[in-house]
Amino acid sequence: MSPLSQTSGHGTETKSASALKEWEERQRSQGRHIKHVIQEHAVQYYQKCFLETILRQKPLKPTKDGRHIPLQLENPQPLIDERRGSSYISNTIRTSRYTVYNFVPKQLIFQFTRLSNAYFLAVGIPQTIPGLSTTGNYTTIVPLFFFVFLTIVKEGYDDYKRHRLDKIENANATTVLRPFTSPIASPNTTTTTTTITSNWAWFKSKPQAVTFIDEAGDDDKDSDSDSDSDNDCDYKWARVRWQDVKVGDIVKLGRDEAVPADMVLLYANGENGLAYIDTMDLDGETNLKSRESLRDFKDCATIAGLRSAMAEFVVEDPNPDLYRFDGRVLVNGKTLPLTSNEVIYRGSTIKNTSCVIGLVINTGEECKIRMNANQHPEAKKPALEATANKIVIALVFYVIVLTAGCSVGYVMWRWAVERQVAYIAIATVQLKQIIIGYAIQYNNIVPLSLYVTLEITRIGQMLLLNGDVEMYDEVSDTPARCNTNTILENLGQVSYVFSDKTGTLTDNIMKFRKMSIAGTSWLHEADLKPQISDVKGEKVHLVPSQTLSQTLSPSKTRDTSSVIHEDIEMTPLASPSTNNPFELRRRSSQWRSTGRPDNVQPNLTTSDLLEFIRLRPASPFARRAKDYILSLALCHTCLPEIQDGQLEYQSSSPDELALVQAARELGYVVTHRSSQSVTLHINSEGGKESVETYRILDVIEFSSKRKRMSIIVRYPDGRICLICKGADSAIMPRLKLAQLAKEKATEVRQSADVEREMARRSEQLDVRNSFGGRPSFTLRRSFAGTRDSLDPNQLAQRPMLDRSRSVDPLWSRSSVERSRPSLNVRTTSLDVAKTLSRKASLSPLPPAHKFGFLDDPSVMDEAAIFGRCFKHLDEFATEGLRTLLVARKFMPEAEYKVWKEVYDKATTSLINRQDMIEDAGEQIEQTLELVGATAIEDKLQRGVPETIDKLRRANIKIWMLTGDKRETAINIAHSARICRPASDIFILDASKGSLEKQIGEVMENLQSGATIHSVVVIDGQTLAAVEKSSSLSALFFTLIPNVDSVICCRASPAQKAAIVKAIRQRVPSALTLAIGDGANDLAMISASHVGVGISGKEGLQAARVADYAIAQFRFLQRLLLVHGRWNYVRTGKFILATFWKEMFFYLPTAMYQRYNGYTGTSLYESWSLTVLNVLFTSLCVLCMGIFEQDLAADTLLAVPELYVHGQRNRELNFTRFLLWMTGAVIQGMLLWVLIWLGYGLLGHPRDDGLFAFGDLAFSIGILWTNWKLFIHETHYKTAIVIASFGITVSGWWAWQAFLSGVYSQQPSPYAGRGSFVNTFGRDPLWWCLLFGVLFVLGCTDLLFKFAKRHLILCGLWKWPLWGSGSGSGSEREGNGDEAENCENWDRQLWQELEQDSAIRAQLSRILQEEENMDKDKDKDEDGERGRTGDTSEVGKLEAV
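Small disclaimer: the values here were computed from a predicted structure and weren't measured.

Reading guide: rules and limits
- Residues numbered from 1 in each chain as written.
- Predicted model: local features only at pLDDT ≥ 70, side-chain atom pairs only at ≥ 80, totals over all residues.
- Heavy atoms only, no water.
- Salt bridge = Lys/Arg side-chain N within 4 Å of Asp/Glu carboxyl O.
- Helix = DSSP H or I, 4+ residues; strand = E, 2+ residues; numbered from the N terminus.
- Buried < 20%, exposed > 50% of the residue type's maximum accessible area, 1.4 Å probe, protein only.
- Core = buried A, V, L, I, M, F, W, Y, C linked by side-chain atoms within 4.5 Å.
- Contact = heavy atoms within 4.5 Å.
- Polar contact = N/O pair within 3.5 Å; in protein donor to acceptor, adjacent residues only side chain to side chain.
- Pairing = 2+ DSSP bridges.
- Axes fitted to C-alpha atoms, helices over the stretch in contact; angles between N-to-C directions.
- Phe/Tyr/Trp six-rings, centres within 6.5 Å; stacked < 30°, edge-to-face > 60°.
- Lys NZ or Arg CZ within 6 Å of the ring centre and 35° of its normal.
- Patch = residues over 30% accessible without salt bridge, like charges linked within 9 Å, V, L, I, M, F, W, Y side chains within 5 Å.
- Areas by Shrake-Rupley, 256 points an atom, 1.4 Å probe, with all protein chains shown as cover.
- Parallel < 35°, antiparallel > 145°, perpendicular 65-115°, else oblique.
- Left-handed = near helix turned anticlockwise from the far one by under 90°.
- Nonpolar A, V, L, I, M, F, W, Y, C, P; charged D, E, K, R; others polar.
- pLDDT = per-residue confidence, 0-100.

Draft legend 1. Spatial organisation of the pattern of salt bridges. In total, this model carries 60 salt bridges according to the counting rule given. Close ionic contact of Lys-154 with Glu-455 constitutes a salt bridge, the shortest N to O distance being 3.8 Å. Pair noted here: Lys-154 is in helix H4 (residues 141-170) and Glu-455 is in helix H11 (residues 449-466), with a separation of 301 residues, a long-range link. Note on accessibility: Lys-154 and Glu-455 belong to one class, buried. Residues Glu-641 and Arg-255 are paired through a salt bridge, measuring 3.9 Å at the closest nitrogen-oxygen approach.

Following this line, the structure appears as structure tokens:
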């Protein structure tokens, strides 16, 4: 055949395979659509027929024009909900799944919808009919009800713990205005207490505890209200429980108090009526938000003012939309609009405001945060239950076949024998009774004890998980906790992880980390070491807080009228491949980037910068540096305060706080700020302190459209300066040399594009594992040798490029990483660990040489400064740092006055005020001079990047769902390694054009095969647009299962849950895990298969609802890779072993029926059969299900690819079940044949009765079952396992002696009285057959294992023979040189590798080095971090 014809044939095969794949996908899509339609109709039928018709729970109709809530204290009538016709619902919330009324019926429905329970119920009911059962009337139904009762009790206890936590939250106290009646007061106290009971005589509710507060004893000393004028005889402020707050109540809150219900802001004592709130638990955003009260309610600071206010609020019906609020208020004869700017939602916390008063509009489950929660979720089922159900169905079919076969056998025996024998001819049994009798006899093949024993194993697994000290956090004194033990095996099958950002991945601590000044980069490490540095014996002191407190003005004013809500981050720019020719670099630093830990940090730090300024204060660079620090100290809205003698700052943005703290550490300390001025204490040259005051002229606030913030100040010398900080895309076009800056940016991007394309092509040639990632290492077999050798793939010295691409044609950004080995790129070298020794730091240089590069003329060249600054921006951004550009300009007095008129006109305009302010800002923010760039680190929790890297290597897709801004989310994704350096980032934005076109472009890129790692970024507004369109929704949810990661920003809690549910529907074979720490994560935690709550700093909001609670995100790797794998393997082997032993035990009984005329006579004695699963075969499966560890924890952590064992259902699948059942059938038949030949046909036993014969079969079954499960199948043999084996075996012989002594002496087929002691127990034939059959069974098992081992070593083992044994079909074949991926290696091979002490030591050392690196990072020790990031953990494994 010609090469041309070969190519054509290959192309035809490829097209055929592609067409077949498309056809299969269409069939699956149609199946999912049909299933979805059926589910929708079923839900509609249930809603209409059951809920609405029977339970009369009709959906609430919307109100005509909203709910009307009057602000009227004198109105004694209770407020009525127009939709219900009764009072508004209480403020009680419930996260528990059940109530006292619905717990029992819901649990009964839940339990008996499980296939196994339904099967036993169907068998147990006819068994109770007298005359049908040969095994007793209640042997199935009573144990079934008992087991179901135990399961219900356990579920009830789990839910009771949630109920107790709900009760704690509902009992929180808040301050509410209440009528002052029936006080009980002590003359020496400032509070009075009373109780309020229900107004209905026939309904005795629990009295409300009300504690009235005397204003004279109020701790609110910062309140602006006058205590004397606030005294009122009829109303007083009272402390009540949250559950007693009602719609229409007036609530008073102080600083750091949580908001108990949704409320409209009436009064705040902040400047201009502003209140600041923290909404992190509500939407995940870290910046403080401002809320402003209407000016018409300015007199509501006192009770008298509240009584005199006559207003009616009309607000929207409760809904889950967090970002929009519609309402109005009628006050003083005029109607004013209400927006989200005047409303504070439950879940928020008051910050920086000492007194806030509001009117409650929504309570309880109608609050926004509860409307977004997945209220009262259903109980979760383990994923293995679906496979177990298939096995049960197969066994039920087997029972039916066996019953039918034995029934037919009886018919044939009756025709051939029974009718011919006179004494039994009249005892014919009806066929239906025979059929039912056999069905009852063989029903134990589906073991009833399986599920209660499984619950016991899960309790044991739970205790081991809770007691794992490796998941104990010493800082918060928090261990891991399992709240739901029914889904422990799900931890070993997770394919998707949905993570929150704030509090889950990050600590919400911002630290100023790097700066770029005049084209030079400096590292800021002041927070990592003492703030006193010794330079040649001379100490450079920063200003201590104690001296500052003495200079602070006691009458300072606070200006909070202009607050910047910082989201000024950049998407990475491209960086050139050339390095700064004169910039010194070092390999030793206290700080390492989490996104690029291999990146070499700047050689000089800000301590060196301060030294240079001290040595050469008049140099051009020193002047630029001082201007840079001064800009940081002036351009902000932070307020300094003295707390406990220490200077602290209050800020609405953690980014701003980091910048001001950095300026303080660099010697420019903000000691006072008001709306008119900023006072700085400056640590001047020579250690002198100077005080300078800068007058604030105007502040142009930040907005999401502007992406920048500006402040105009007058210097002490009279000059007027505008300082602007913002995103590079917002600052760059407004520079004085904007055209030059644009040219430099273009050069950088062009250089990056070339490197990116080269890196992409080189990476595409790399070896991939079965799920597309880089393999840890491969196995190459040498058939000439006697042993496998581990042959490493060599480290690829290729550049890893970060490709960030937006599908929006108007905005495309890209970044590139230099050609250097990256920790994100796992290498495959197994023998390079010894070459990675720690290198010593560079020796310090004298100042003349250290600062010599600052004398280079390029430091003052604008073109060089632009190029290097943009390179620094790219480096900062790819390290996951939040970047800003800082610029300024001086303006003449006349220019400022002209602009001031325009700005004042804009700020006082009643029409389009915000647009006019932005236009005025655009007018003045021109011809700026670049000052420098900043880089802020959003500190991740310890071990987050390493954990995400391991989870990705474990074939787990990590998605980040957050309420924070897009730029912030992308930066955190880089630092946490959700975005790899070579990732393609596709941004979907509804405001940038057709979403259908954008999604289509992403799909084309993915189908082209050029994308190595894809990340889709989408915001909540775009997601809402997708959800509204069925076509867009189908297209989007077809796309996202094919991408590696998704970043969903600005997402509401309901949208987070919707994404999780969509993945569950679109990828039904994948298990999802959601992890979060706040109340805004509850919905997605409840919607996922597995919910994990972070229970460290933020409390128990998510931990109490989640299935599992851990203190730090880093513990997730051990929870999944170790405990997940172990529990999955334990449960899978437990189920297989349980079915195997039942099949093995009952097969001889079935074969014995031929010899008793198919009468149903049991081969085994009934007492022994009754206690079989309780006394003699329980420990062997319990120990396996609780203590088994198929691989060591070090191996599982060092080789995360082994986690695919559970994802691909390798432990428990139908193929593996058939293999075990085939073995049970073969060994069961072998047992019967051998004892029948040896004892019944060829032998001459002393006791040829049924009891002796059956006891021999039973004894062999007991001994072989325990030997096989304890010794052959259990890999991790602890002392408990060996002791359990000994107890079970000795217990069986003790049972034999017990039966021999207590059995009654009467005519019976089972003559047990004295038989074991006196008759067959003394028969050598009986004992020879016992040990002989055990030997034969052991040989068959060992022969199979021996053959399997050698087939594995030869690479010939593949089960089933017709395909991959993984059950997924997604595994790829090895390459042409017979290389295999480590995740495809058989477990037996790994177990043998673990026996090698050298390999075991290497694995332990790798993990120990990783742990030491984390500890070094926490302790901020100097020196190199081992440079182990250049290779993967397993990449350092040496072949032995």
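Back to the write-up after that little detour.
Draft legend 2. Local environment of the nonpolar core. Of all hydrophobic cores here, the largest spans 93 residues; its most connected members are Phe-1139, Ile-1235 and Ile-1260. Of all the elements, helix H29 (residues 1115-1152) adds the most residues to this core, at 14 residues. Setting aside its immediate chain neighbours within four residues, Ile-1235 contacts Gly-1240, Phe-1253, Leu-1256, Ala-1257, Ile-1260 and Val-1333. Of all hydrophobic cores here, the second largest spans 83 residues; its members include Leu-630, Ala-663, Tyr-694 and Leu-884.

Draft legend 3. Inspection of the side chain of Gln-1391 at higher detail. Residue position: Gln-1391 is located in helix H40 (residues 1387-1394). At a separation of 3.2 Å, a polar atom in the side chain of Gln-1391 contacts the main-chain carbonyl oxygen of Asp-1190.

Draft legend 4. The arrangement of the sheet that holds strand E17 (residues 349-351) in detail. The three strands lie next to each other as E12-E11-E17, forming an open sheet whose pairing is antiparallel. Each having just a single partner strand, strand E12 (289-292) and E17 make up the two edges of the open sheet. Across the sheet, the axes of successive neighbouring strands diverge by a mean angle of 45°, strand direction being ignored. Looking at chain direction, strand E11 (residues 274-278) and E17 are connected through three bridges and run antiparallel. Bridge pairing in E17 links Ile-277 to Ile-350.

Draft legend 5. Geometry of the sheet that holds strand E31 (residues 720-726). In space, the nine strands of this open sheet follow the order E22-E21-E36-E35-E31-E30-E29-E28-E27, with antiparallel pairing throughout. Unpaired on one side and paired on the other, strand E22 (520-523) and strand E27 (668-673) mark the two borders of the sheet. Strand-to-strand twist of the sheet, defined as the mean angle between neighbouring strand axes without regard to direction, takes the value 30°. Bridging between strand E21 (residues 506-517) and strand E36 (residues 929-940) involves seven bridges; their strand directions are antiparallel.

Draft legend 6. Molecular detail of the pairing of strand E38 (residues 983-988). Across the six residues that make up E38, a large majority, six, are buried. Where E38 and strand E39 (residues 1013-1019) come together, six bridges link them in parallel fashion. Pairing of Ser-983 across the sheet is with His-1013, part of E39.

Draft legend 7. Quick peek at the packing of aromatic side chains. All chains considered together, the criterion is met by 43 aromatic pairs. Between Tyr-438 and Tyr-442 the ring centres are 5.8 Å apart and the planes differ by 10°, which places this aromatic pair in the stacked class. Of the aromatic side chains, those joined through ring pairs into one cluster are Trp-1140, Phe-1144, Phe-1145, Tyr-1164, Phe-1176, Phe-1258, Trp-1292, Trp-1295 and Phe-1298. Positioned above the aromatic ring of Trp-1140, the side-chain terminus of Lys-1268 is 5.5 Å from the ring centre. Above the ring of Trp-1220, the side-chain terminus of Lys-1268 is found at 5.5 Å from the ring centroid.

Draft legend 8. Main features of the environment of Ser-1304. Relative to the helices and strands, Ser-1304 resides in the loop between helix H37 (1279-1302) and helix H38 (1315-1318). Considered as a pair, Ser-1304 and Gly-1314 are ten residues apart in the sequence and their alpha carbons are 9.8 Å apart.

Draft legend 9. Focus on a nonpolar patch on the surface. There is a patch of nonpolar side chains on the surface, built from Phe-146, Phe-149, Leu-150 and Val-153 and spanning about 380 Å² of accessible area. By secondary structure assignment, the location of Phe-149 is in helix H4.

Draft legend 10. Highlighting unusual backbone geometry. If you check the backbone angles, Asn-332 has positive phi at about 55° while not being a glycine. Take Asn-332: its relative accessible area is 60%, and that puts it in the exposed class. Notably, Asn-1209 is not glycine yet its phi reads approximately 55°, a positive angle. Within the secondary structure, Asn-1209 sits in the loop between helix H34 (1204-1207) and helix H35 (1214-1241).

Draft legend 11. Summary view of the packing of helix H13 (residues 606-615) against helix H14 (residues 620-634). At a minimum axis distance of 9 Å, the contact between H13 and H14 shows a crossing angle of 125°. When the axis of H13 is compared with that of H14, the two are oblique. Of the two elements, H13 crosses H14, and the hand of that crossing is left-handed. For the pair formed by H13 and H14, the contact residues are Leu-609, Phe-612 and Ile-613 on the first element and Phe-621, Ala-622, Ala-625 and Lys-626 on the second. Along the lines of polarity and charge, the residues of the contact of H13 with H14 split into six nonpolar, no polar and one charged.

Draft legend 12. Looking closely at the packing of helix H2 (residues 103-112) against H4. Two elements in contact, H2 and H4, have axes separated by 11 Å at closest approach and are oriented at 125°. Of the possible angle classes, the one that applies to H2 and H4 is oblique. Every pair of crossing elements has a handedness; the one defined by H2 and H4 is right-handed. Mapping the contact onto sequence places Phe-103, Gln-107, Leu-108, Gln-111 and Phe-112 in H2 and Leu-144, Phe-145, Val-148, Thr-151, Ile-152, Glu-155 and Gly-156 in H4. Looking at side-chain class alone, the contact of H2 with H4 contains seven nonpolar, four polar and one charged residues.

Draft legend 13. Spatial organisation of the confidence of the model for the protein chain. Chain-level pLDDT for the protein chain is 77 on average; 76% of the residues reach the 70-or-more range. Across residues 216-229, confidence stays below pLDDT 50; counting only partners more than four residues off in sequence or on other chains, it has 17 contacts. The low-confidence segment residues 1420-1440, where pLDDT is below 50, has 90 contacts with residues more than four positions distant or belonging to other chains.

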